Amino acid sequence: MISLDITNTLAKVVTPTRGIPEQEFRTMENTIKSYVADFNTECEAGGHEWAKSPYDEEVISAVESYVTSIQHLPIETVLWVGIGGSGLGPRVIKEVFENVNSPELIIVDTVDPAVINEELKLVDWRKTLVVVASKSGGTLEPMSVFFLFEQKIKEVLDEDAASRIVAITDPEDGVLKAYADEKGYSTLPIDSGIGGRYSVFSPVGLLAMQLLGADIRAFVRGAQEMDEICKSSDMGENLAAQLAMVQFLLDTKRNYVIRVIMPYATRLQSLGRWEQQLIAESLGKTEAFGPSPMAGIGTQDQHSMLQQWMQGKRNAWHLFIREDEKEYVQLPDVEVESLSYLSGKGLGQVLDSLYEGTAQSLTAAKRPNATITLPRLDEYHLGQLFFMFMTEVVLLGKLYRVDPYGQPGVEMGKKIAKKILGAS
Ligand code: PA5
């Protein structure tokens with residue numbers, strides 16, 4: 001089970017003016033308990049559809065059957081066309097699970113012609129699967145690129161191209177499902193009630209994992225177990241509630257308006273960006289308050305951002321994410337005397353000591369930080385992590401009094417762009 005250590009956010013460690021006093025935390029517990037109860041009742045009444053995805057046997061089996069059905073094809077590359085939630089979740093999955101034996105998963109979340117042109121030069125369409133992931137089927141970026149890829153793959157494979165295209169989309173709403181059906185492409189569903197940033201347990205995340213040979217059953221099992229924990233009224237146990245309380249109190253009572261999400265695991269670099277979207281699009285809906293998420297990465301940002309975090313404005317708190325068990329890579333004997341302490345050390349030890357250095361120095365500077373630890377970075381624990389973050393955001397929606405679903409603020413820009421391009 002993943003764990004959360006919030007000790008360094010508490011007043012007893014970082015002083016009462018800069019951290020959360022025990023009393024404040026206890027008072028908050030009653031509020032959050034009632035929100036957890038509301039969340040549970042709403043789920044039972046059919047709300048928060050994303051939370052049911054890890055139990056959706058029909059969809060999970062459909063993903064497995066689809067991948068089995070294309071196993072005979074010589075697929076070496078998957079071009080995954082999708083943006084926002086339809087691209088960020090798969091990108092995390094690519095970074096964690098892609099390996100020498102799996103196909104290469106290329107996330108295409110851009111319309112930059114220079115990048116697309118380069119891709120077109122490199123791709124071997126005979127060994128490629130095109131996945132278009134767009135819940136609405138109307139998003140400019142993936143749909144433009146998809147039509148281009150569709151034309152190119154048809155030029156090479158003619159009618160066989162249909163077997164190399166799969167659309168992940170809303171089965172009821174939008175144009176993509178109807179288009180895919182008409183052309184004979186396979187489709188997998190994102191249920192109407194599941195928004196992009198909550199879709200990682202739908203085929204958006206599951207297909208990416210299954211194509212890479214990862215264990216989707218362990219992924220959803222991790223989510224289901226975290227679901228149980230997030231339903232608990234025991235605040236010592238409920239990780240999503242604990243994290244939501246820390247976030248809310250640090251922001252609203254101590255003015256730490258920025259939440260830095262900083263994995264000390266390069267394979268989790270994109271998780272920070274995924275979380276950034278989850279928080280920004282879910283909670284950024286009122287001028288009055290709300291956290292500003294910032295994706296960081298250890299150890300690299302020690303050499304770019306840490307100076308400001310240590311001595312600059314006191315407006316950021318840090319959420320570190322680390323994995324306990326790491327691969328063992330041992331350093332040789334080092335001849336340079338001043339660096340000889342590195343001799344025989346594991347690279348994981350070096351990474352851990354740098355994480356400790358950052359966490360301890362921020363704590364010494366009375367700057368709050370918390371740490372999530374994954375025993376191992378695998379399907380099961382990643383499933384727990386995703387599920388915990390999504391539950392946390394829903395609870396934060398209740399605390400901040402905003403609807404965590406929808407993103408009305410981004411619609412105007414989309415409409416203007418479509419109008420510029422000639423849409424009626
Ligand atoms: O979280 C969301 O719903 C959005 O960020 C979407 O993921 C993004 O706009 C892409 O939408 P679609 O999947 O409909 O192409």
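As shown above, the structure is provided for reference.
What comes next is a walk through the structure.

What counts, and where the lines are drawn
Here the residue numbering is sequential within each chain, running from 1 through the sequence in written order. Owing to the predicted nature of the model, reporting of local features is limited to residues with pLDDT of at least 70; listing and counting of side-chain atom pairs is limited to 80 or more, with chain, interface and lining totals taken over all residues. Values shown for side chains rest on all heavy atoms present in the structure; no hydrogens or waters enter the calculation. To be near a molecule or strand, a residue needs just one of its heavy atoms within 4 Å of it. Definition of a polar contact: a pair of N or O atoms within 3.5 Å, with one able to donate and the other able to accept a hydrogen when the atoms are protein atoms, and with sequence-neighbouring residues admitted only if both atoms are side-chain atoms. For the area figures, the Shrake-Rupley method with a 1.4 Å probe applies, and any residue is considered shielded solely by the protein chains shown. Numbering of helices and strands starts at the N terminus; helices are DSSP runs of H or I of at least 4 residues and strands are runs of E of at least 2. Side-chain classes are defined by residue name, with Ala, Val, Leu, Ile, Met, Phe, Trp, Tyr, Cys and Pro counting as nonpolar, Asp, Glu, Lys and Arg as charged, and the others, Gly among them, as polar. Salt bridges, as used here, are contacts in which a Lys or Arg side-chain nitrogen is within 4 Å of a carboxyl oxygen on Asp or Glu. Three exposure classes are used, based on accessible area relative to the maximum for each residue type with a 1.4 Å probe and protein chains only: buried under 20%, partly exposed in between, and exposed over 50%. Take the buried Ala, Val, Leu, Ile, Met, Phe, Trp, Tyr and Cys residues and link them wherever side-chain atoms come within 4.5 Å; each set so joined is a nonpolar core. The domain limits used here are those given by an automatic or database domain assignment. With axes taken as lines fitted to C-alpha atoms, and helix axes fitted only over the stretch in contact, angles between N-to-C directions fall between 0 and 180 degrees. Note that the term roughly parallel is reserved for angles under 35 degrees, roughly antiparallel for angles over 145, roughly perpendicular for angles of 65 to 115, and oblique for everything else. Should the near helix be turned counterclockwise from the far one by less than a right angle, the crossing is left-handed, whereas a clockwise turn marks it as right-handed. Any two residues whose heavy atoms approach within 4.5 Å are treated as being in contact. Any two strands between which DSSP finds at least two bridges are classified as paired. The span you would expect from a helix comes to 1.5 Å times its residue count less one.

**Section: the site of the ligand**
Right, on to step 1. Near the ligand there are 14 residues, and of these Ser86, Ser134, Ser136, Thr139 and Gln277 occur at the shortest range.
Right, on to step 2. Note that an oxygen atom of the ligand is positioned 3.0 Å from one of the backbone N or O atoms of Gly196.
Right, on to step 3. Measuring from an oxygen atom of the ligand, one finds a side-chain N or O atom of Gln277 at 2.6 Å.
Right, on to step 4. Contact with the protein chains removes 90% of the 380 Å² of surface that the ligand exposes when unbound.
Right, on to step 5. Sorting the residues of the shell around the ligand by element identifies helix H4 (85-97) and helix H11 (269-283) as the ones contributing at least two each.
Right, on to step 6. Per-class residue counts for the shell around the ligand are one nonpolar, 10 polar and three charged.

**Quick look at the pattern of salt bridges**
Right, on to step 1. Taken as a whole, this structure holds 22 salt bridges when the rule is applied.
Right, on to step 2. Its salt-bridge partner being Arg259, residue Glu392 comes within 2.7 Å of it at the nearest N-O pair. Taken together, the positions of Glu392 in helix H14 (residues 379-400) and Arg259 in strand E7 (residues 258-263) put the pair 133 residues apart, joining distant regions of the chain. For the pair shown, Glu392 and Arg259 are each scored as buried.
Right, on to step 3. Shared partners join several salt bridges into a network, and the residues in it are Arg322, Asp324, Lys326 and Asp352.

**A few points about the nonpolar core**
Right, on to step 1. One finds Trp80, Leu207, Ile372, Leu385, Met388 and Phe389 to be the most contacted residues of the largest nonpolar core, which totals 97 residues.
Right, on to step 2. No other element matches H14, which puts 13 residues into this core.
Right, on to step 3. Per-domain counts for this core show at least three residues from each of domain 1 (3-41 + 220-404) and domain 2 (51-214).
Right, on to step 4. Core analysis: the next-biggest nonpolar cluster, separate from the first, contains 22 residues, Ile116, Trp125, Val145 and Tyr185 among them.

**Things to note about the packing of helix H9 (residues 216-231) against H14**
In helix packing, the relevant descriptors are the interaxial angle and the interaxial distance, both defined with respect to the helix axes.
Right, on to step 1. Contact geometry of H9 with H14 gives a least axis separation of 7 Å together with a crossing angle of 40°. Here H14 runs oblique to H9, going by the angle between their axes. Of the two elements, H9 crosses H14, and the hand of that crossing is right-handed. Across the interface between the two elements, Ala218, Phe219, Arg221, Gly222, Ala223, Glu225, Met226, Asp227 and Cys230 of H9 pack against Glu379, Tyr380, Leu382, Gly383, Gln384, Phe386, Phe387, Met388 and Thr391 of H14.
Right, on to step 2. Looking at side-chain class alone, the contact of H9 with H14 contains 10 nonpolar, four polar and four charged residues.

**Some details on the sheet that holds strand E5 (residues 165-169)**
Right, on to step 1. Within the open sheet, the five strands sit side by side as E3-E2-E4-E5-E6. Their pairing is parallel. Only two strands of the sheet have a single partner each, and these edge strands are strand E3 (104-108) and strand E6 (186-189). Across the sheet, the axes of successive neighbouring strands diverge by a mean angle of 20°, strand direction being ignored.
Right, on to step 2. Strand direction decides the pairing type here: E5 and E6, joined by four bridges, are parallel.

**Side note on H11**
Right, on to step 1. Look at H11: 22 Å from first C-alpha to last across 15 residues, which is about the 21 Å you get at 1.5 Å a residue.
Right, on to step 2. Along H11, the residues classified as buried are Ser270, Leu271, Gly272, Trp274, Glu275, Gln277, Leu278, Ile279, Ser282 and Leu283.
Right, on to step 3. On its buried side, H11 packs onto H4, E7, strand E8 (292-295), strand E9 (316-323) and H14.

**A closer look at the sheet that holds E8**
Right, on to step 1. Sheet architecture is open: five strands sit in the order E1-E10-E9-E7-E8, paired in mixed fashion. At either margin of the open sheet sits one strand with a lone partner, and together these are strand E1 (3-5) and E8. With direction set aside, neighbouring strand axes in the sheet form an average angle of 20°.
Right, on to step 2. In the sheet, E7 pairs with E8 via four bridges, with the strands oriented parallel. Residue pairing across strands places Ile261 opposite Ala295, the latter belonging to E8.
Right, on to step 3. Here H11 sits on the sheet and contacts E7, E8 and E9; the angle it forms with E8, its principal contact strand, is near 170°.
Right, on to step 4. Where helix H13 (residues 347-364) meets the sheet, its contacts fall on E9 and strand E10 (369-374), and the angle it forms with E9 comes to roughly 155°.

These values are about where atoms sit, not about what they do.
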